[in-house]
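Residue strings, one per chain:
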Amino acid sequence: MKSNLFKLREEIMFKLMAFYIACCFIFLVIPARAQMFDPPVFYDVGEWAEGIFAAELNGDDFNDLVVANRVDSCISIHLNNGDGTFQDTINFHTGVNPVPVFAVDLDGDDDNDIAVANYPADEVAILLNDGYGNFLLTNILSVPHLPISIFSADFDNDGDSDLVTANHGYTGNISILMNNGDATFQQPEIYYMGGYPNSVFSADIDGDSDNDLAVANRDSNNTSIFINNGNGTFQPAVNYATNGEPSKVFLADLNDDIYSDMVVSNYQSNNIAILFNNGDGTFQAPEIYSINSGPDAVYAGDLDLDGDNDLVVGNRNTHNLAILLNNGDGTFQQPVNYELVEIPNYILLSDLDNDLDLDLAVSYWASAAMIGVLKNNTNQSGIGDSSSIPRRISISQNYPNPFNAETIIRFSLSEQSDISIEIYDIIGRKIEILLENDQQAGVHQITWNAEALTSGIYFYRIRADEYTETKKMVLIK
């Protein structure tokens, strides 16, 4: 009898201990893993920081930050110390009330210049880089009413970076500005869609290797798709309902089928809409995810180093960021919120501290006059950190892209594998074997130098065991 009681007591104690361990895991481990980002570090900028962008600006291979300050009519440059901390701001005049900003090589001299839209002045200002992070305002371009968003890509396949603006005024249109190759631009070509466009983004949507457009139309509850004819002219808009008042649009492969899907933040409806690409530039009905109040800025990138694109959403009314981790198939986990001291305006993802994971930078709305940098701690131990072994084999989009001379290709291995990475030109000729050896499980990166090659479209292909994937990249010189 005593033996049975002892066994029963032992069994109860074992179950209680198991329950205690499970509780510790739920309440300690899971929240710790959820805290992917360190608390923000703040940097002063001009008043009413709007657009924010990351690019290498002074030739040291670290991603710097540029911020458009609406009230102070300037951009703030923050040069990276190499560890994700930044030097004091340097301001450059841009014209009246700049809002969106984009950094890319516009004049073909191998450094990143800046294009910024001056919202009420109906202008795009071009600031050329001297190679050391100093900028000179060299050109003012006229565009239609109230340019609220700007993006750069090679639309006419001539090897240089063109511009597109979404014009929020009563006309409801976008402006395409073709680059002559020297940072001078042709007169804008206008395309109409109505509905007060609020955000524009470019990527290859229909799989034909040229850059198409997606435009979020805030007051018409839809997003417009413009398919490129291959020469920088576009077909008429095809509109897709997004289940609310769309604020921002972002294009990225979310379900691992190599095609660019669409994520749209719906400000009034307090949700985001995900529209999967059918592979031909048409989209399925939206999948809806509820978010906190006032979702606005949205960005996609691989936050947890598992080879798929996760989502970050800035919520204006609740002063926080929502992180939605991808399950690998385009479905997403419940959002994890990061509280902010002010209203988030624009957000971006970029490796700011040179440790191969994506950090966050946030500009704050209205009078805050600051930005916040949140370092990602997923890969603190660097390449091959066993605590962050990816779930599967994958290769990320090269960065930067388009690029001039050098670009970084990152790949993830779920187990030790014999891999190769090969480079091909536009007609399918193999031009270089970039890597061919055995690699440990983890996250890796390799730099490709294309200094000896001409501008154009190239492809990189990874082979690892039975896995093969190919991605496109654009060299601009």
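Everything that follows concerns the structure shown earlier in this document.
A short tour of the structure in this document, coming up. Not measured: the values here are computed from a predicted model.

Conventions and cut-offs
- Sequence order sets the numbering: in each chain, residues are counted from 1 along the sequence as written.
- Given that this is a predicted model, residues contribute local features only at a pLDDT of at least 70 and side-chain atom pairs are listed and counted only at 80 or more, while totals for whole chains, interfaces and linings are drawn from all residues.
- Working from all heavy atoms in the structure, the side-chain values ignore hydrogens and water.
- The criterion for an aromatic pair is that two Phe, Tyr or Trp rings (for Trp, the six-membered ring) have centres within 6.5 Å, with stacked assigned to planes under 30 degrees apart, edge-to-face to planes over 60 apart and tilted to the rest.
- Under the DSSP-based scheme used, a helix requires at least four consecutive residues in state H or I and a strand at least two consecutive residues in state E, with every element numbered from the N terminus.
- Only protein chains enter the accessibility calculation, which uses a 1.4 Å probe; a residue whose area is less than 20% of its type maximum is buried, one above 50% is exposed, and one in between is partly exposed.
- Cation placement over rings: the criterion is NZ of Lys or CZ of Arg within 6 Å of the ring centroid and within 35° of the ring normal.
- Strand pairing is assigned whenever DSSP detects at least two bridges linking the two strands.
- Here the axes come from fitting lines to C-alpha atoms, over the contacting stretch only for helices, and the angles between their N-to-C directions go from 0 to 180 degrees.
- Remark: nonpolar core denotes a set of buried residues (Ala, Val, Leu, Ile, Met, Phe, Trp, Tyr, Cys) joined through side-chain atoms within 4.5 Å.
- A contact between two residues is defined here by any heavy atoms of the two lying within 4.5 Å.
- Two N or O atoms form a polar contact when they lie within 3.5 Å of each other; inside protein one atom must be a possible hydrogen donor and the other a possible acceptor, and for residues adjacent in sequence the pair counts only when both atoms belong to side chains.
- His is not counted here, nor are the chain ends, while Lys and Arg score as positive and Asp and Glu score as negative.
- Whenever a carboxyl oxygen of Asp or Glu lies within 4 Å of a side-chain nitrogen of Lys or Arg, that contact is scored as a salt bridge.

Observations concerning the packing of aromatic side chains
Next, step 1: Taken as a whole and assessed by the stated rule, the structure comprises 16 aromatic pairs.
Next, step 2: Both rings, one in Tyr191 and one in Phe226, keep their centres 6.2 Å apart while their planes meet at 70 degrees; by these two values the pair is edge-to-face. Highlighted residues: Tyr191 in strand β13 (residues 189-192) and Phe226 in strand β16 (residues 222-226), separated in sequence by 35 residues. You'll find Tyr191 and Phe226 in the same group, each marked buried.
Next, step 3: Consider the rings of Phe201 and Phe250, whose centres lie 4.4 Å apart with planes at 45 degrees: the pair is tilted. Of the two residues, Phe201 is situated in strand β14 (residues 197-203) and Phe250 in strand β18 (residues 246-252); the sequence distance between them amounts to 49 residues. A single burial state applies to Phe201 and to Phe250, both of which are buried.
Next, step 4: Connected via pairs of aromatic rings, a cluster forms that spans Phe53, Phe102, Phe151, Phe201, Phe250 and Tyr299.
Next, step 5: The ring of Trp48 is capped by Arg70, whose NZ or CZ atom sits 5.4 Å from the centre of that ring.
Next, step 6: The lysine or arginine in question, Arg218, covers the ring of Tyr267, its NZ or CZ lying 4.7 Å from the ring centre.

Section: the sheet that holds strand β1 (residues 41-44)
Next, step 1: The antiparallel open sheet is built from 4 strands, whose spatial order is β1-β28-β27-β26. Edge positions in the open sheet fall to β1 and β26 (344-350), since each of these has one partner strand only. Geometrically, the sheet is characterised by an average inter-axis angle of 20 degrees between neighbouring strands, direction not taken into account.
Next, step 2: Pairing between β1 and strand β28 (residues 370-374): 4 bridges, direction antiparallel. Counted as the bridge partner of Val41 is Val373 from β28.

Considerations on unusual backbone geometry
Next, step 1: A positive phi angle, near 70 degrees, is found at Asp61, a position not held by glycine.
Next, step 2: With relative accessibility at 62%, the residue Asp61 sits in the exposed group.
Next, step 3: Despite not being glycine, Ala183 shows a phi value in the positive range, around 75 degrees.
Next, step 4: Positionally, Ala183 belongs in the loop between β12 (173-177) and β13.

Comments concerning the sheet that holds β14
Next, step 1: Strand order across the open sheet formed by 4 strands is β14-β15-β16-β17, with antiparallel pairing between neighbours. Of all the strands in the sheet, the pair left with one neighbour each is β14 and β17 (238-241). Across the sheet, the mean angle separating the axes of adjacent strands is 25 degrees when strand polarity is ignored.
Next, step 2: Both strand β15 (residues 212-217) and β16 contribute to a ladder of 5 bridges, which runs antiparallel. Across the sheet, residue Asn217 finds its bridge partner in β16, namely Asn222.

A few points about the nonpolar core
Next, step 1: Counting residues in each nonpolar core, the largest one holds 95 residues, and the members touching the most others are Ile126 and Ile174.
Next, step 2: Excluding residues within four positions of it along the chain, Ile126 makes contact with Leu106, Ile114, Ala115, Leu136, Leu137, Thr138, Asn139, Leu141, Leu163, Ala183 and Phe185.
Next, step 3: Membership of the second largest hydrophobic core comes to 21 residues, among which are Ile409, Trp448, Tyr458 and Tyr460.

Digging into the environment of Ser76
Next, step 1: With respect to the helices, strands and loops of the structure, Ser76 is situated in strand β4 (residues 74-78).
Next, step 2: For Ser76, a relative accessible area of 0% puts it in the buried group.
Next, step 3: Along the primary structure Ser76 and Phe92 are separated by 16 residues, whereas in three dimensions their C-alpha atoms are 6.6 Å apart.
Next, step 4: When sequence neighbours within four positions are dropped, the list of residues in contact with Ser76 reads Val45, Gly46, Leu65, Val66, Val67, Asn69, Thr89, Ile90 and Asn91.
Next, step 5: One polar contact links Ser76 to Asn69, side chain to side chain, over a distance of 2.7 Å.
Next, step 6: In terms of polar contacts, Ser76 uses its side chain to reach the side chain of Asn91, at 2.7 Å.

Digging into the environment of Asn239
Next, step 1: For Asn239, the location among the structural elements is in strand β17.
Next, step 2: What makes Asn239 partly exposed here is its relative accessible area of 40%.
Next, step 3: For Asn239, the residues in contact, after removing those within four places along its chain, are Asn217, Asn222, Thr223 and Ser224.
Next, step 4: At 2.5 Å, the side chain of Asn239 and the side chain of Ser224 are in polar contact.

Digging into the pairing of β15
Next, step 1: The buried count for β15 comes to 6 of 6 residues, which makes it a mostly enclosed element.
Next, step 2: Alternating residues of β15 divide into Asp212, Ala214 and Ala216 and Leu213, Val215 and Asn217, and every residue in both groups is buried.
Next, step 3: The pairing of β14 with β15 spans 6 bridges and is classified as antiparallel. Across the sheet, Ser202 pairs through a bridge with Leu213, a residue of β15.
Next, step 4: With antiparallel pairing between neighbouring strands as the criterion, β15 and β16 make up a hairpin whose turn holds 4 residues, including Asn221 at a positive phi of roughly 55 degrees.

Brief notes about the side chain of Asp64
Next, step 1: Among the structural elements, Asp64 can be located in strand β3 (residues 64-69).
Next, step 2: Here Asp64 occupies a buried position and makes no salt bridge, while the nearest side chain of opposite charge, Lys375, is found at 13 Å.
Next, step 3: A distance of 2.7 Å separates a polar atom in the side chain of Asp64 from the backbone nitrogen of Asn80.

Brief notes about the pattern of salt bridges
One side chain can pair with another of opposite charge once the charged atoms of both are near each other.
Next, step 1: Inspection of the entire model under this criterion finds 9 salt bridges.
Next, step 2: Arg429 is paired through a salt bridge with Asp425; the nearest N and O atoms lie 2.6 Å apart.
Next, step 3: Exposure remark for Asp425: the relative accessible area of 8% places this residue in the buried category.
Next, step 4: Counted as one network, the salt bridges with shared partners bring together Lys248, Asp296 and Arg316.

Remember that the coordinates give geometry; whether it matters functionally is a separate question.
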